[in-house]
Amino acid sequence: MTDPTSEPTQPDEKATAPAETERTAYDGSDVLVDAKGVKVHFPIKRGVIFDKTIGHVYAVDGVDLQIRRGETYGLVGESGCGKSTLGRAILNLEPPTDGSVVFDGVDIATLKGEELRKKRQDIQMVFQDPLSSLDPRQSVESLLFEGMKAHGIAKNAKEARPRLVELLNAVGLPEAALAKYPHEFSGGQRQRIGIARALSVNPKLIVADEPVSALDVSVQAQVINLLEDLQDEFGLTYLVVAHDLAVVRHISDRIGVMYLGALAEEAEADDLYAAPLHPYTRALMSAVPVPDPVIEDRREQILLTGDLPSPSHPPTGCRFHTRCPWRQETKCDTERPVLRVPEIPGVGQSHRVACHWTEQIEAGEITPHEVAPQATDLSDLLDGDASLMGPASISEAL
Ligand SMILES: Nc1ncnc2c1ncn2[C@@H]1O[C@H](COP(=O)(O)OP(=O)(O)OP(=O)(O)O)[C@@H](O)[C@H]1O
């Protein structure tokens, strides 16, 4: 009998073995974050007294990802695919169940006490909702000084003041903001304060989790432009987690597309948008409205069937096979594809796809199956508002 408290709960070991990844690109000294085989499995507990583990949520299930110094890596995918959990695992706020995260040459999991505290200073987070991440009882001065004090950058607020003013100026706020409280600012201004707070401890990496999704479109553009300016000014590296494809496209150098806890595709931003290769990415891209009605009429629309499977019972083999129009029996159902550089002329070494049939699909040797009647609503990736995706939206505002 299977021990219900033991980790594996899935039926077919071969089918669900951790994805191995061909590590062909970006190995080198310019790598700031090197995540290998990262898994975050949350136990599902039942019973008040015995607190029994009856299964797991496979939120992140074998991700290899490297972020180079000075770049912006965008992580995109449907709600619940594990983007935030992966971001938190990279910060070590959610220690991985398995795998490792090497930051600036050091495996964060091996650090303790003072060393861990110092390393944490290098990685800061910007949250989606600045109002809930900023203590309403603290003035801006106190909010910005807090981290500097904790990390020994300044002993008292007086000593810190010139730096605090500098930080506010960098994010486009006046010195007078120091005496005010979060509720006295607009959403965009609060996000600027959140960014200034992250910058206050001189980080190397900022993990921004949906940094603009709570803001109006025009304000989104301002905050994105600000993040880009600050990246140049302070030599920052960003991991931007977002569900809005337009935001991710604009801000990212490279993009990883997540599906059910794993990377389905990874590429330079322009390459991904110009030529998506994974069936899931193709479907996402085909849901993005194009402003030109002639192109819009002609282009391929790929509708996904069925709902996103539960991360507590992910499909065997390729996680996407249950919704994939190009699914081939039985390989897709039983073998988990590795993230690999496909052998397609013109596709560079930095473009990796986790699909068994990338070359055949691209060559038209495998054609998509009939689209089933019920199609999945991808509107969460369109932010529930198609206007956000086209140039009439954020892209135009930027
Ligand atoms: N602490 C937790 N305990 C149990 N399950 C969790 C926990 N945190 C996240 N999950 C589950 O893990 C899965 C991935 O969640 P995560 O928030 O990382 O996804 P996401 O892609 O960031 O989605 P969203 O954009 O909606 O935040 C979800 O099914 C979520 O319910």
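Sequence positions are assigned chain by chain, starting from 1 and proceeding in written order. Only residues with pLDDT of 70 or above have their local features reported here, since the model is predicted, and side-chain atom pairs are shown and tallied only from 80 upward, although totals for entire chains, interfaces and linings are computed over all residues.

## Focus on the site of the ligand
Right, on to step 1. Around the ligand there are 13 residues in total, and Phe42, Ala59, Ser79, Ser84 and Thr85 lie nearest to it.
Right, on to step 2. Where the shell around the ligand is concerned, the elements lending two or more residues are β2 (52-68) and α2 (83-90).
Right, on to step 3. Strands are runs of DSSP state E lasting at least 2 residues, helices are runs of H or I lasting at least 4, and numbering of each runs from the N terminus. In terms of residues, the shell around the ligand owes the most to one element, α2, which gives 3 residues.
Right, on to step 4. Charged means Asp, Glu, Lys or Arg here, nonpolar means Ala, Val, Leu, Ile, Met, Phe, Trp, Tyr, Cys or Pro, and polar covers whatever is left, Gly included. In terms of residue class, the shell around the ligand is built from 5 nonpolar, 7 polar and 1 charged. Any residue whose C-beta atom, as placed from the backbone, lies within 6 Å of a molecule or strand is termed near it.

## Things to note about the sheet that holds strand β5 (residues 106-107)
Right, on to step 1. Strands were regarded as paired on the criterion that DSSP finds at least two bridges between them. Taken together, 4 strands build an open sheet; the order of strands is β2-β1-β4-β5 and the sheet is antiparallel. Both edges of this open sheet fall to β2 and β5, since each of them pairs with a single strand only.
Right, on to step 2. The pairing of strand β1 (residues 31-46) with β2 spans 13 bridges and is classified as antiparallel. Residue Pro43 lies in a different strand from β2, and its bridge partner there is His56.
Right, on to step 3. This element, α2, spans β1, β2 and β4 (98-103) of the sheet and lies at about 120° to β1. For every residue pair, C-beta atoms are placed from the backbone, and the pair is scored as a contact if these atoms sit within 7 Å. Here an axis means a line fitted to C-alpha atoms, over the contact stretch when the element is a helix, while the angle between two N-to-C directions is reported on a 0 to 180 degree scale.

## Regarding the packing of helix α5 (residues 140-150) against helix α6 (residues 157-170)
Two packed helices can be described by the angle between their axes and the distance between those axes.
Right, on to step 1. Remark: α5 packs on α6, axes separated minimally by 10 Å, with the N-to-C direction vectors making an angle of 110°. One element, α5, and the other, α6, form an angle in the roughly perpendicular class. Of the residues in α6, those touching α5 at Glu141, Leu144, Phe145 and Met148 are Ala157, Ala160, Leu164 and Leu167. Between 65 and 115 degrees an angle is taken as roughly perpendicular, under 35 as roughly parallel, over 145 as roughly antiparallel, and anywhere else as oblique.

## Brief notes about α2
Right, on to step 1. Residue burial here comes from a neighbour count, namely the number of other C-beta atoms, placed from the backbone, that lie within 10 Å of the residue's own C-beta, with 20 or more meaning buried, 12 or fewer meaning exposed, and in between meaning partly exposed. Where burial is concerned, most of α2 is hidden: 7 out of the 8 residues are buried.
Right, on to step 2. Listing the buried residues of α2 in full gives Lys83, Thr85, Leu86, Gly87, Arg88, Ala89 and Ile90.
Right, on to step 3. Following α2 by one or two positions, Asn92 has its phi on the positive side, about 65°.

## Observations regarding the sheet that holds strand β11 (residues 352-353)
Right, on to step 1. Reading across from one edge, β6-β7-β8-β3-β9-β10-β11 is the order of the 7 strands in this open sheet, with mixed pairing throughout. Only two strands of the sheet have a single neighbouring strand rather than two, namely β6 (123-126) and β11.
Right, on to step 2. As paired strands, strand β3 (residues 72-76) and strand β8 (residues 237-241) are joined by 4 bridges and run parallel to one another. Bridge pairing in β8 links Leu75 to Val241.
Right, on to step 3. Docked against the sheet, α2 engages β3, β7 (205-209), β8 and β9 (254-259), running at close to 150° with respect to β8.

## Describing unusual backbone geometry
A negative phi angle is the norm for most residues apart from glycine, just as the trans form is the norm for most peptide bonds.
Right, on to step 1. Glu329 connects to Thr330 through a cis peptide bond whose omega is -10°.
Right, on to step 2. Here Thr330 lies in the loop between α12 (293-298) and α13 (331-334).
Right, on to step 3. Backbone geometry places Asp104, a non-glycine residue, at a positive phi of 50°.
Right, on to step 4. Examined against the element boundaries, Asp104 turns out to sit in the loop between β4 and β5.
Right, on to step 5. Note on Asp104: 16 C-beta atoms within 10 Å, which makes it partly exposed.
Right, on to step 6. Located in the positive-phi region is Leu260, a residue other than glycine, with phi close to 45°.
Right, on to step 7. The topology assignment puts Leu260 in the loop between β9 and β10 (262-268).
Right, on to step 8. Taking the number of C-beta atoms within 10 Å as the measure of exposure, Leu260 has 25 and is therefore buried.

## Concerning α6
Right, on to step 1. Here a helix's expected span is defined as the number of its residues, less one, multiplied by 1.5 Å. For α6, spanning 14 residues, the distance from its first C-alpha to its last is 19 Å, which sits close to the expected 20 Å at 1.5 Å a residue.
Right, on to step 2. Values of bend correspond, residue by residue, to the angle between axes fitted over the seven residues ending at that residue and the seven starting there. Of all bends in α6, the biggest is about 30°, found at Arg163.
Right, on to step 3. Those residues of α6 not exposed but buried are Leu164, Leu167 and Leu168.
Right, on to step 4. Elements in contact with the buried residues of α6: α5 and α7 (187-199).
Right, on to step 5. Looking one or two residues beyond α6, the residue adopting positive phi is Gly172, at roughly 80°.

## Some thoughts on the pairing of β8
Right, on to step 1. Summarising burial for β8: 5 of the 5 residues are buried, a large majority.
Right, on to step 2. Across the two faces of β8 the burial is the same, with Thr237, Leu239 and Val241 and Tyr238 and Val240 all buried.
Right, on to step 3. For β7 and β8, the ladder comprises 5 bridges, and the chain directions are parallel. Paired with Asp209 across the two strands is Val241, which belongs to β8.

## So, the pairing of β7
Right, on to step 1. Here β7 lies mainly inside the structure; 5 of its 5 residues are buried.
Right, on to step 2. Alternating residues of β7 divide into Leu205, Val207 and Asp209 and Ile206 and Ala208, and every residue in both groups is buried.
Right, on to step 3. Two elements, β6 and β7, share 4 bridges in a ladder whose sense is parallel. Bridge pairing in β7 links Val126 to Ala208.
Right, on to step 4. Consider the strands pointing away from the viewer: the crossover is right-handed when the path from the first strand over the helix to the second runs clockwise. Handedness of the β7-helix α8 (residues 217-234)-β8 crossover: right-handed.

## Here we look at the environment of Cys355
Right, on to step 1. Looking at the element boundaries, Cys355 is found in the loop between β11 and α14 (358-362).
Right, on to step 2. The class of Cys355 is buried, set by 26 C-beta atoms lying within 10 Å.
Right, on to step 3. Residues Cys355 and Val38, spaced 317 residues apart in sequence, show a C-alpha to C-alpha distance of 20 Å.
Right, on to step 4. Residues in contact with Cys355, not counting those within four places in the same chain, are His278, Pro279 and Pro337.

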